[in-house]
Amino acid sequence: MEKDPEGLFARLSPEGQELSPVIYRHLHPRVTRATVLRMAESRPYRATGYVCGSFRKPISRCLGPDEPR
Amino acid sequence: MILILSQSALESTTEEVMDWLEALGGRCVRLNGDDIEGRAALRFEVADGEASLGFAAGGFELPLAEVGAVWFRRWLYERRHERVDLLEPTAGNHTLHHELRRHLSLESRRLSDFIYSRFDHLPWLSHPRRSSLNKLDVLQRAARAGLATPATLVTTEREALRRFCAERGTVITKPIGEVDAFVEGEVSHFLFTTALGLAEIDSLPERFAPSLFQEMVDKVYELRVFYLAGEFHAMAIFSQNDEQTRVDFRQYNRQRPNRNVPYRLAPELAARLRALMDDLGLETGSIDLMVARDGREVFLEINPVGQFGMVSRPCNYQLERKVAELLLRKEDDGKRP
Amino acid sequence: MIPEAGGGGEPVFALFACCIPVKGARRSTLCDVQRGSFQFIPNGLYEILTEHAGKTAAEIKAAYDHEYDEEIDEYLEFLLRHEFGFWCDDPAKFPPLDLTWEAPERITNAILDVDARSDHDYARILAELDDLGCKALEVRCFHGCALAELRAILEAARYGRLRSIDLLVGDGPELTPEALADLAARHGRISSVVVHSAPEARRLPPSRTGVVVEYRTERIDSPSCCGKVHPGYFVVELETFAEGQRHNTCLNRKISVDARGEIRNCPSMARSFGNLRETSLHSALAHRDFAALWSINKDQIDICKDCEFRYLCTDCRAYLKDERDLYSKPSKCAYDPYTAEWRSPAERPAPAGIPKGAPE
């Protein structure tokens, strides 16, 4: 199945392997997502990682359809 | 004034609840876990029979004396000292490093517990005392409450696993505790639920570290149910059609997301779940179930301090508002003699 | 695909709640608000999905006297293939989506116009927007913009409550791709940068954080450029779909400050609620007529009420087909739902960049 021959389990020492539950043999390596979250600081929220993102709809619509926004 | 215990990054749900609190005429103050690691000025003084706790951030003192209710949302996912090298490269071996780390973790935990205790006399939503549920204990209680649960085995013996597999069919393995991931630079190794074939089982040593196995439920869809003060807000997740998400829906397919739709719990199921939540003393939590092909609703687990944004958003349940309203109600109730 | 019979009899066909049919005069859309796309469906299928919801395939066929059995099978196969629906044993357990829209912010979005003569107190404007809970701001500079000006605005927003800033700015010598990429990297709130009046059109590859910087040759030199309606501006998304049920998708909870400091619903609206010199955003918002247009939704607007795009399309109340009729359709909309045609080839949308399912 998903047992990855190069997986983390193979890199454990003999003792490490002995102490690991069965699920460690089936770890799922995932590359962290290519797009990084946009974050800012927000003092009203006392947040250093205030998650930013596009507003869900266009706020104004000045641009024509040739190169749609 | 609602005190929100959170962390300072990646908490958009916390911020939405704060927006609602303000819109509903409430006030809130937020204390983040990283504040005790130096992000805010901490001062606790006991002198002459008087005690005072203070946090000062951004040039002003947080008005902790005005707090009427507490929401425990999160605190510290990872402590700063767990992420850095505590010793200079030449200064010691990794056992010493581990000793230092262990003690700093303990100190941090003690301080956190102390801070929570300053607000013990107030109403809380999700007190951390209740947030460390034991999965195995919960399964037992769920069965007692009349819920269907998957046959579960925790064992160190390959033979026991073989017998279990022979009785129960396809078997999955998952952590005894929470799903987690081991971060290694750009790659994270996730502990997702995994199905085990007979070949995998045969290749195991005769004895291994204690591991959890369950019969794999032949599911049609899954349920993620957010429970809040007596009410259920359920969502069905259709993860079966996608090979990537079939065994663990957390292996999100971002190109073609699973269908997530509102769901109405049958009254009998709701009653049993309510009984279980009462038995566990929980006022809120995210409950995971699977609906099997034969129609059984199989209980899996509860996360008492879970994400509810993933249910609120697709189903338009406005849970952020409901949490804000509950917090304000709790504050009012707490004030009554 | 043979459906599995559950506890009782035959399963019924059920749409997923996030797949919502919307009827138009000539054809309908099936709006997938979860995956952000739509498909055209014939009105016959709309009828099946609404009037005959909760029925088995056999029952649906019988309802049409078995005259359309083959078409019905094709429809169901189409719906299943796109994962718009499923065979359901227990339709009572799958309620429709509640399309109630609510937001805690008194103002969700704002436009700030700037030209060569503007004299805005950015710190004050951003502070007042923060007080109103504003989440998203679009800044429109009609002139060739100095980088310092943009920086001043962004600095004023640096610690506030905004989650998104869109910049639409006139080309200037300082606005090189590198300078703009740098600006976006330093200010996480920037969602997009469009440089208008540029000598040539260019779209830079998205940054690591997904920010798109684009150069367009169009001249955007006044608010009158706004109000355009075309599929490039369609949004298929639960929150806006819900908002559109009862509210005006452009003006709802919007406030604007034009280049002269006048406070309006949007810079293209005639009525001013005061100038920033004497009036605060808060007091303008408190004026009893400020929100008068917020509840005019597409179902109240002539022609739009019969259009299959009405919950995907952002409305415009500033530039109307008939200036004397507040309920007439936007003047810049070239679509006719009664013929399902766009007015002219020039106004027909270009193939690239259209959301899945848009007309050819």
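The structure we're discussing is the one just above.
Residues numbered from 1 in each chain as written. Chains lettered and ligands numbered in written order. Predicted model: local features only at pLDDT ≥ 70, side-chain atom pairs only at ≥ 80, totals over all residues. Heavy atoms only, no water.

Student: Explain the sheet that holds strand 9 (residues 190-196) of chain C here, please?
Tutor: By way of backbone hydrogen bonds, the strands of a sheet pair with one another, either parallel or antiparallel. Residues and elements named next belong to chain C. Taken together, 8 strands build an open sheet; the order of strands is 10-11-9-8-7-6-12-13 and the sheet is mixed. Each edge of the open sheet carries a strand with a single partner, namely strand 10 (202-203) and strand 13 (263-264). Pairing between strand 6 (residues 109-114) and strand 7 (residues 136-144): 6 bridges, direction parallel. Paired with Ile-111 across the two strands is Glu-138, which belongs to strand 7. In the packing of helix 6 (residues 177-186) onto the sheet, contacts are made with strand 8 (164-170), strand 9, strand 10 and strand 11 (212-215), and the angle to strand 9 comes to roughly 155°. (Pairing = 2+ DSSP bridges. Helix = DSSP H or I, 4+ residues; strand = E, 2+ residues; numbered from the N terminus. Contact = heavy atoms within 4.5 Å. Axes fitted to C-alpha atoms, helices over the stretch in contact; angles between N-to-C directions.)

Student: What is the right way to read the interface of chain A and chain C from this model?
Tutor: How big an interface is tends to be expressed through the accessible area that disappears when the partners come together. If you look at the interface, chain A gives 32 residues, while chain C gives 59 residues. Approximately 4000 Å² of surface area, both sides summed, lies buried where chain A meets chain C, with 52% of it carried by carbon and sulfur atoms. Seen at the junction of chain A and chain C, the total is 3 salt bridges. Between Glu-239 of chain C and Arg-56 of chain A there is a salt bridge whose closest N-O contact spans 3.1 Å. The interface formed by chain A and chain C includes 28 residue pairs in polar contact (both at pLDDT 80 or more). For the side of chain A that touches chain C, the leading source of residues is strand 2 (residues 38-42) of chain A, giving 5 residues. Tallied by class, the residues present in the side of chain A that touches chain C amount to 17 nonpolar, 6 polar and 9 charged. (Buried area = accessible area lost by both parts, 1.4 Å probe. Salt bridge = Lys/Arg side-chain N within 4 Å of Asp/Glu carboxyl O. Polar contact = N/O pair within 3.5 Å; in protein donor to acceptor, adjacent residues only side chain to side chain. Nonpolar A, V, L, I, M, F, W, Y, C, P; charged D, E, K, R; others polar.)

Student: It is not clear to me how the nonpolar core should be interpreted in this structure. Could you clarify?
Tutor: Most often, soluble globular proteins have nonpolar side chains that are buried together. Membership of the largest hydrophobic core comes to 71 residues, with the highest contact counts inside it found for Leu-265, Ile-287 and Phe-299 of chain B. For this core, the leading source of residues is helix 6 (residues 267-280) of chain B, giving 6 residues. Ignoring sequence-local partners within four residues, the contact set of Phe-299 of chain B consists of Val-138, Leu-139, Ala-142, Leu-147, Ala-148, Thr-149, Pro-150, Leu-273, Leu-276, Ile-287, Asp-288 and Leu-289 of chain B. Formed by 53 residues, the second largest nonpolar core is a distinct cluster that contains Leu-175, Val-193, Ala-198 and Ile-301 of chain C. (Core = buried A, V, L, I, M, F, W, Y, C linked by side-chain atoms within 4.5 Å. Buried < 20%, exposed > 50% of the residue type's maximum accessible area, 1.4 Å probe, protein only.)

Student: Looking at this structure, I do not really get helix 3 (residues 135-144) of chain B. What am I missing?
Tutor: Working note: α-helix, 3.6 residues per turn, so residues spaced by three or four point in the same direction. All names here are of chain B. Among the residues of helix 3, Lys-135, Val-138, Leu-139 and Ala-142 are the ones counted as buried. Looking straight down helix 3, one finds its buried side chains confined to an arc of 105°; they lie on one side. Residues Gln-140 and Arg-144 are exposed on helix 3 and point more than 90 degrees away from its buried face. Where helix 3 is buried, its residues contact strand 8 (152-157), strand 9 (171-174), strand 13 (207-215), helix 6 and strand 18 (297-303). The first or second residue beyond helix 3 is Gly-146, which carries a positive phi of 90°. (Arc of directions from axis to C-beta.)

Student: What's the story with the sheet that holds strand 10 (residues 181-184) of chain B in this structure? I'm lost.
Tutor: Across the sheet, which stays open at both edges, the 3 strands sit in the order 1(A)-11(B)-10(B) with antiparallel pairing between neighbours. Looking at which strands have only one partner, the edges of the open sheet turn out to be strand 1 (28-31) of chain A together with strand 10 of chain B. Taking each pair of neighbouring strands and ignoring which way they run, the sheet shows an average axis angle of 25°. Relative to strand 11 (residues 187-190) of chain B, strand 1 of chain A runs antiparallel, the two sharing 4 bridges. From the neighbouring strand, Pro-29 of chain A faces strand 11 of chain B, where its bridge partner is His-189 of chain B.

Read these as layout, nothing more, since geometry by itself doesn't imply function.
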